[in-house]
Amino acid sequence: MKKFAGLFLLILISGIGKMKAQEVQVIDKVAAVVGGNVVLQSDIDMQYAQYLSEGNQPDPGVRCMILEQLLTNKLLTQQAAIDSIEVSEDEVDDNINNRLRYMTRQAGGQENLEKFLNRSILQYKEEMRPAVKEQLVAQKMQAKITEKTGVTPLEVKRYFEKIPKDSVPNYNSEVEVGEIVIFPKLTKEEKQPFYDRAESLRMGIKAGDDFGTMARLYSQDPGSAAAGGDLGFFDRSSGMAKEFTATAFRMKPGEISKVFETEFGFHFLQVLERRGEQVRVRHILIGLKPSDASMERAKKEIDSICTRVKEDKLPFSTAAALYSGDEMTKYNGGMLLNARDQQSRTTYIPVDQLDAADFAAIDTLKPGEYSQPFTFTDPQTRKEGYKFMYLKSRTAPHKASLETDYAKIKNLAEQDKLNRVVSEWFEERRKTTYIRIDDEFATCSELKDWVSSPQTAQVNK
């Protein structure tokens, strides 16, 4: 094991025939060993390249953090193998595709990303697969370690009482707000020019125009246009519009669909690959731009709803369920949830997290009052519409207390307990696991617990 841990992985470069000693080239080395598992320098380099591709500045310290995460994953996956914890290939594909879509957007397109990575997307996907699979297994193992961890009201109280007085969190003003949204509904005649535009592009591609080029030039899907319309692999439960999913899964590889409509506008797509219950497609989207007449109809509708709500002729929650075009809030009584605290599903939102237009609409309201309708653009679909806001409650900036902030303090107490449970688990495993770390990383502060482990030795260069 000692000899193995210090070895460089070598590839001998030569033609057919005898290999010469001077043709030996070092392309990789062992950065660390955890039990029977090896962390290669290339594993660290690949994740660091992803970090840079996301627009981050070079930082050598990030390599230390990457190695710490890789060591953590190795320890977790060793236990996962004992506990028979696995992930499916579909889960791995979904994760990789999501990462690559984000990286492609950050790089300004697939071509730019491939230049940065110095390899094709397909090659990079295959190189990523083992690391991503290991990470997903590690996450499942950590979830199992903490699955029975919870806190009682007494533990919450004790946690809060142990916080030094000068460290008790201060909370900004928070609000509970609701909204009712009306998007303009275009008539068939108003939609026709957008359909014709999509059909013209489709016929051009059928006649020989390059699909990827046309998508980069004309598709109005900001998430895929730069990648030539490529959406990667997805399954039936990936959250695509139902019309999009239905079209994609009834076609064969190479086929180009007819133009069809979703909430985002008119699309047509081409199936690139099928892999079991997953399909990879590229598409072109022509979004619908509301006409002046459709916007006027939407304004009249929301004005009528707002008036009825303000006159107590229609409860706000009922109006939201019946008329609102926001699928995220209409079945929640129209109330917005705190997007940064999805686990607790709290309706309390710090005012500095509100959209600027929403904040302006409720800033002068008193609890129980409604704003006037105003125009807005949905950040996800980019659709224009009207909405009005409801202010249910507002809290002043304050220092945390159990009486007013129990839910937040409970979350903090739970996270603290989870961290302690995980830390204790790792401390015990490190005591009984053989660990070796290369000298290059021996001074990383992030690795001090690993370096000081009784079973740890440094790899000799």
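Conventions we followed
- Residues numbered from 1 in each chain as written.
- Predicted model: local features only at pLDDT ≥ 70, side-chain atom pairs only at ≥ 80, totals over all residues.
- Heavy atoms only, no water.
- Salt bridge = Lys/Arg side-chain N within 4 Å of Asp/Glu carboxyl O.
- Helix = DSSP H or I, 4+ residues; strand = E, 2+ residues; numbered from the N terminus.
- Buried < 20%, exposed > 50% of the residue type's maximum accessible area, 1.4 Å probe, protein only.
- Pairing = 2+ DSSP bridges.

A.B. asks: Requested: an account of the pattern of salt bridges, with residues and values cited.
C.D. replies: A full pass over the atoms with the stated rule returns 30 salt bridges. Close ionic contact of Glu127 with Arg119 constitutes a salt bridge, the shortest N to O distance being 2.3 Å. For the salt bridge of Lys431 with Glu428, the shortest nitrogen-to-oxygen distance reads 3.5 Å. Here Lys431 and its partner Glu428 are both found in helix α14 (residues 402-431), 3 residues apart, which amounts to about one turn of the helix. Residue Lys431 is classed as partly exposed on the basis of its relative accessible area of 39%. A single salt-bridge network, built from bridges that share partners, covers Glu89, Asp93, Glu126, Arg129, Lys133 and Arg275.

A.B. asks: Describe unusual backbone geometry, with residues and values.
C.D. replies: Its identity as a non-glycine residue notwithstanding, Ser84 has a phi of 60°, on the positive side. The residue Ser84 is located in the loop between α3 (60-82) and α4 (89-107) in this model. Residues other than glycine seldom take positive phi values, yet Asp312 does so here, at roughly 60°. On the secondary structure map, Asp312 appears in the loop between α11 (292-310) and α12 (316-323).

A.B. asks: Can you break down the pairing of strand β8 (residues 265-275) residue by residue, with the values?
C.D. replies: Sheet analysis places strand β7 (residues 260-262) next to β8, joined by 3 bridges and oriented antiparallel. Directly across from Thr262, in β8, lies its bridge partner Gly265. If you look at the hairpin formed by β7 and β8, you'll find 2 residues sitting between the two strands. Sheet topology places β8 next to strand β9 (residues 278-287); 10 bridges connect them, and they run antiparallel. Across the sheet, residue Arg275 finds its bridge partner in β9, namely Gln278. Where β8 hands over to β9, the hairpin turn is made up of 2 residues, of which Gly276 adopts a positive phi near 60°.

Structural measurements only, silent on function.
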